[in-house]
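Geometric and topological summary
Residues per chain, in single letters:
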Amino acid sequence: MLAMLGVNAAARASQRAGGGSVWKSKYAELERKMSKIDSVFGSYPGLILVWDEKLSGPDTGWGRPKVFGSPAALASIQRFAEPGRSKDMAIRILDGLGDLDAIGEADGSLTLRKSLDVLRRNGESFSITIILPEGNVIEADGRVAGSQAVLWLEDASIRGEDERTAISRFETQKLLTQDDPVAFIDMLGRAPFPIWRMSSKGKLVWVNEAYVSAVDAENMGAVLEEQIELDKQAAEEAQTVLTKQTTLENIRRVNIGQDMKSMLISLFPISGGAVGMAVDASETEGLRSALTRHIQSHDELLNNMDEAIVIFGPDQRMSFHNTSFAELFKLEPGWFTDRPSHSEWLDLMREKQLLQPRPDYSEWKKSELALYTDWPDEVPDEIWSLPDGKTLRLARMRDPRGGISLLMSDITNTVTLQSQFNTLINVQAATLDKLSEGIAVFGPDGNLKISNKAFAELWGLAEEDVEPGSAFSALIEHSLPLYHDKIFWNDIKARTTDPSPEVRLHVDGEIKRSDDKILTWLSRPLPDGATLIAWDDVTSSRQAEAALIERAEALEAADRLKSEFVGHVSYQLRTPLTTISGYADFLQNNLAGELTDKQSEYVFAIQTASEDLKKTIDDILDIAAIEANVLDLELGDVDVFELLDQALDYVATKAEDTKKNLKLDCPVDVGVIRADARRLKQIIYNLLSNALRFTKPGGNIVLGARQAPNGGVTIWVKDDGVGIPSERQPQVFESFKSSRGGAGLGLALVQRFVEQHGGWVELESEEGQGTHVTFYMPRQASTSAAHPEFEFKVAE
């Protein structure tokens, strides 16, 4: 083309000099060549850009290239021209294609801008393929022609099409896409949130309808014409994304139409520029705040738990721990500052001897950390026994992001209690097996929980029949041959399975089996809902009991016959004794004539013997009355000192005759008691009579009394006579048992009369040293043995 212009100028100069015909023929020849060249350029399915000037100095832009090529190629490639005010189509095409990704023979990141810069500066040729956003490609070749730089651009999509068809297709696509220069992004254009695209220079080249509404513009053309940004910060962020080729996201308040909203602004680089999106984050912010509060609440909850909890993220570094974790492993707060890794924690625990000893620590640690990449289908809990004596239960959990959470519970006390509980159970089981009673405990489901050996032996059950979990129904079937009452068994079973309080009562009973064994049983509900049933073989005891009852009845009958006999004999003796005593008194009073001294001595002996016999008969009748429970006390106020003084005077004559010394050891103010005076005299007289009978001449007898601490009176008779052998002392208070001759009723009556008053008697004696009998009388005698009329008066 330049040659053509030079020839034209030379022809004009030659014409003025007179050589016009020669130059006219040369000019015509050149025009024919130019026409052929134009035809060649017009048939090329691409564009040809030619630069005459050489690029020097810093970046001066695209320069002013000349454009050649077919109309179809121009229509094809201008689709990718950057919109704007520039009237030079070549510059707009270069801006649109300059920063798109390209593929070439050279290594590294290629773009048309970089390759063309090297061509114009250094004359280095290039061949690259530019990748278009919709997936098509444009082939670009750069060459040096003399001092000129030539760029050949060819759209591979129009090869084989004639010019008119290609132009018609591009026009149709232009009508379909209208304001969408990138093509086929109608979906983004209708998105309900703002989306925009920028060129590599940071200029807006496309926006969607939501963006237009957000900036209150009339249409996309107005936005691109005036370069209306979403806000001031958007332009600055775009430059950062384009410069650093990195994604940028943040949430900030932006005017969207007439409203101020929290928007999530996302900017990311693409081939030939960057894309931005603004999504309404108001709800997201609310959810984020709620999530933050939830996480804080969750962390607070975990911090208040007794279990130690630590969470490691997918990067195997600690992201959370609670207070119990730090306390359990004695970790200082500063240690958590740098988010230690799982491996570092294990190493520290091993160093502080807070980790269970492992034979091969390295292999074990490797398997622990392998859980981050190879999590098994099932991870059972582990029990760690630490060197300091603690026992931990470890549970591992995998979170969806690939991290691992560890929950450790200090179960030292639980293990200790479990051990103690097991020991207690074993002791209880051994204790149950030592019992002679058969014990069985049934759960609410009617199945056996525990039993002892005696239970199995009592009912003839095999070992497998009494295994824990055995059904009550099966045990009934085994027991029916020995006791076939099904109603009884069903009732017992109902007490184990029916939770009703009316049924679960404390019950017991007795059965006789077909083998003649007699069993007692009892049922007791337990607090945990179980029921205890106990069986005891009482066959031998029932037989012994029957024999004892039979013997007791025989003894009672014999005793009754004895009492009746004694009473009958005593009554029969009283009549002749009265006659003898009466005639002796008649003779002693000289009513039948004067008696000689010898006769008077004989009569006195008869009177004395009659009196002793009368007393013995009275004692026998009293004993019989007491044993028949028909003897009533006649209570009254008794001056103890006066009573003792009279009793001592009563036996004084006999003591003088037998040369024995009597002494009264009792304060005058010893007190008054409520008692039967006649029976009390009888008690003292019997004791004094025994003392006189078994004390040698010259011996001493002391009758004494003192007030007792509880208000009653203690009375005693002490002698230094022959005493009572120790082997006979247990029998002295039995009726008709005498260790030293006589009827053996004195001390028996003493004990019975004292006990009727509510008192007690004790005896101390040593053979050859004497006897000391003490009895206690309460201040107020028991009214249970008193006469009914007297009881009424006392009640008043």
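For the structure given in this document, a descriptive report is provided here. (Residues numbered from 1 in each chain as written. Predicted model: local features only at pLDDT ≥ 70, side-chain atom pairs only at ≥ 80, totals over all residues. Heavy atoms only, no water.)

Structural notes on the nonpolar core
Generally speaking, nonpolar side chains in soluble globular proteins are found buried as a group. Ranked by size, the top nonpolar core spans 39 residues in total, and within it Leu680, Ile684 and Phe775 carry the most contacts. Among the elements of the structure, helix H21 (640-657), strand S24 (672-675), helix H22 (677-693), strand S25 (700-707), strand S26 (713-719), helix H23 (746-756), strand S27 (760-766) and strand S28 (770-777) are those that each provide at least two residues to this core. Among the elements that line this core, the one with the most residues is H22, at eight residues. When residues no more than four places from it in sequence are discounted, the contact partners of Phe775 are Leu680, Ile683, Ile684, Leu687, Val713, Thr714, Ile715, Val754, Trp760 and Val761. (Core = buried A, V, L, I, M, F, W, Y, C linked by side-chain atoms within 4.5 Å. Buried < 20%, exposed > 50% of the residue type's maximum accessible area, 1.4 Å probe, protein only. Helix = DSSP H or I, 4+ residues; strand = E, 2+ residues; numbered from the N terminus. Contact = heavy atoms within 4.5 Å.)

Describing the sheet that holds strand S18 (residues 448-451)
Spatial ordering of the open sheet is given by S18-S17-S21-S20-S19, a layout of five strands whose pairing is antiparallel. Because the sheet does not close on itself, it has two edges, and the strands there are S18 and strand S19 (507-512). Neighbour-to-neighbour, the strand axes of the sheet open up by a mean angle of 20 degrees, direction not taken into account. Pairing geometry for strand S20 (residues 518-525) and strand S21 (residues 531-537), over seven bridges, is antiparallel. Counted as the bridge partner of Leu519 is Asp537 from S21. (Pairing = 2+ DSSP bridges. Axes fitted to C-alpha atoms, helices over the stretch in contact; angles between N-to-C directions.)

Things to note about the environment of His342
Tracing the chain through its elements places His342 in helix H13 (residues 342-351). The spacing of His342 and Lys365 is 23 residues in sequence and 9.6 Å in space, taken between C-alpha atoms. In contact with His342, other than residues within four places in its own chain, are Phe312, Gln316, Glu368, Leu369, Tyr372 and Leu406. Reaching out from His342, the side chain makes a polar contact with the side chain of Tyr372 at a distance of 2.8 Å. (Polar contact = N/O pair within 3.5 Å; in protein donor to acceptor, adjacent residues only side chain to side chain.)

What about the pairing of S27?
Residues of S27 alternate between two faces, with Val761, Leu763 and Ser765 buried on one and Trp760, Glu762, Glu764 and Glu766 left unburied on the opposite face. Here S27 pairs with S28 via seven bridges, running antiparallel. The partner of Glu762 across the bridge, within S28, is Thr774. Taken together, S27 and the strand that follows it, S28, pair antiparallel across an intervening segment of three residues, in which Gly768 is found at a positive phi of about 85 degrees.

A few points about the sheet that holds strand S15 (residues 391-398)
The sheet built from five strands is open, its strands ordered S13-S12-S16-S15-S14 with antiparallel pairing. Each having just a single partner strand, strand S13 (318-321) and strand S14 (382-385) make up the two edges of the open sheet. Neighbouring strand axes in the sheet, compared pairwise and without regard to direction, differ in orientation by 25 degrees on average. Taken together, the four bridges between S14 and S15 define a ladder with antiparallel strand orientation. If you follow Trp384 over to S15, its bridge partner there is Leu392.

A short note on H13
Along an α-helix, a turn takes 3.6 residues, which lines up residues three or four apart on a common side. Along H13, the residues classified as buried are His342, Ser343, Trp345, Leu346, Leu348 and Met349. In this fold, the buried residues of H13 make contact with strand S12 (308-312), helix H12 (323-328), helix H14 (361-369) and strand S16 (404-410).

Considerations on the pattern of salt bridges
Oppositely charged side chains may form a pair once their charged atoms are brought near each other. Enumeration according to the criterion identifies 17 salt bridges in this entry. Two residues, Arg396 and Glu368, come together in a salt bridge whose shortest N-O distance is 2.5 Å. Separated by 28 residues along the polypeptide, Arg396 in strand S15 and Glu368 in helix H14 bring together distant segments of the chain. Like Glu368, Arg396 is buried. Ionic pairing is found between Arg674 and Asp637, a salt bridge with its closest N-O pair at 2.8 Å. Here Asp637 lies in strand S22 (residues 636-639) and Arg674 lies in strand S24, a separation of 37 residues in the sequence. Residue Asp637 is classed as exposed on the basis of its relative accessible area, which comes to 62%. (Salt bridge = Lys/Arg side-chain N within 4 Å of Asp/Glu carboxyl O.)

Observations regarding the packing of aromatic side chains
One pass over the structure, following the stated rule, counts 19 aromatic pairs. Judged by centre distance (5.0 Å) and plane angle (80 degrees), the rings of Trp459 and Trp535 are edge-to-face. Placement of Trp459 in helix H16 (residues 453-459) and of Trp535 in strand S21 is noted, with a sequence separation of 76 residues between them. With relative accessibility at 2%, the residue Trp459 sits in the buried group. The buried category is assigned to Trp535, whose relative accessible area is 3%. Joined through ring pairs, the aromatic side chains of Phe312, Phe325, Phe329, Trp335, Phe336 and Trp345 make up one cluster. Directly above the ring of Trp459 sits Arg513, whose terminal nitrogen or CZ lies 4.9 Å from the centroid. (Phe/Tyr/Trp six-rings, centres within 6.5 Å; stacked < 30°, edge-to-face > 60°. Lys NZ or Arg CZ within 6 Å of the ring centre and 35° of its normal.)

Some remarks on the packing of helix H17 (residues 472-479) against helix H18 (residues 486-497)
Packing of H17 against H18 leaves a shortest axis separation of 11 Å and a crossing angle of 160 degrees. Our classification of the angle between H17 and H18 gives roughly antiparallel. For the element pair H17 and H18, the recorded crossing hand is right-handed. Every residue of H18 that contacts H17 at Phe472, Ser473, Ile476 and Ser479 is listed here: Trp489, Ile492, Lys493 and Thr496. Among the residues making up the contact of H17 with H18, the classes are represented as four nonpolar, three polar and one charged. (Parallel < 35°, antiparallel > 145°, perpendicular 65-115°, else oblique. Left-handed = near helix turned anticlockwise from the far one by under 90°. Nonpolar A, V, L, I, M, F, W, Y, C, P; charged D, E, K, R; others polar.)

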